Amino acid sequence: MGNKRILIVGLACLAFVSIVKALSHEPELGSARVVFQTSYGDIEFGFYPTVAPKTVDHIFKLVRLGGYNTNHFFRVDKGFVAQVADVASGRSAPMNEEQRKEAEKKIVGEFSDVKHVRGILSMGRYDDPNSAQSSFSMLLGNAPHLDRQYAVFGKVTKGDETLSKLEEVPTRREGIFVMPTERITILSTYYYDTKMESCEEERSVLNRRLQASFVEVERQRMKCFP
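Residues numbered from 1 in each chain as written. Predicted model: local features only at pLDDT ≥ 70, side-chain atom pairs only at ≥ 80, totals over all residues. Heavy atoms only, no water.

The protein goes by Cyclophilin-type peptidyl-prolyl cis-trans isomerase domain in an unreviewed UniProt entry, where it is assigned to Arabidopsis suecica.

Structural notes on the pairing of strand β7 (residues 152-158)
The side chains of a regular strand alternate between both faces of the sheet. Bridge count between strand β2 (residues 41-47) and β7: 4 bridges; the pairing is antiparallel. Its bridge partner lying in β7, F45 is registered against V156. Alignment of strand β5 (residues 120-123) against β7, held across 3 bridges, turns out to be antiparallel. The residue of β7 that forms the bridge with L121 is G154. (Pairing = 2+ DSSP bridges. Helix = DSSP H or I, 4+ residues; strand = E, 2+ residues; numbered from the N terminus.)

Concerning unusual backbone geometry
Positive phi values are uncommon outside glycine, yet T70 reaches one of about 70°. With respect to the helices and strands, T70 occurs in the loop between α2 (53-64) and β3 (72-77). Even without being glycine, R148 reaches a positive phi, approximately 65°. Of note, R148 is situated in the loop between β6 (136-139) and β7.

Right, dumping it as structure tokens:
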């Protein structure tokens, strides 16, 4: 009887742990990485394509088009968010037609159970849940009141120290917004694929083998066709 109780308790504990893990499970990041370069340092982030596929496609396309170059962080609220301005109104450089067309698209609200904690990327929007365009926030702290209200689409993977520097800039309050007193410009952006990085060693080995093959072919050519 005692062994049965131990077994039942053990199984219950395992079930509880499994439930907790399932509830706290972090979605898988895609392999794409984007880097925003600022005078305070770089911020790298990745995407959650299984959580917000339409949002990810839209933001990543804008990045590839160079849409966020010369844009800025219009809002920096310590412990809450650093928010990137809408591309259409936030850039200091003019936009081409393709950039403008993508920037002005409205994206359906892809709300999920992913929690708003420090480092999370979350779309900005107006009262209409389907009004998100290109402004998004990088969370500087936990904000549970945003959960299921704003679309989470990725997270910061490197550059938390840069976010900490942004939190220390002088700010002023305008209505509900806490804004930096000086413009924090996104000087440039670039992107890469982590899968390609993981293939670097294999690529190097293959190149060495190819070079060795070329040498052998040349040796045989010189031998047979002097």
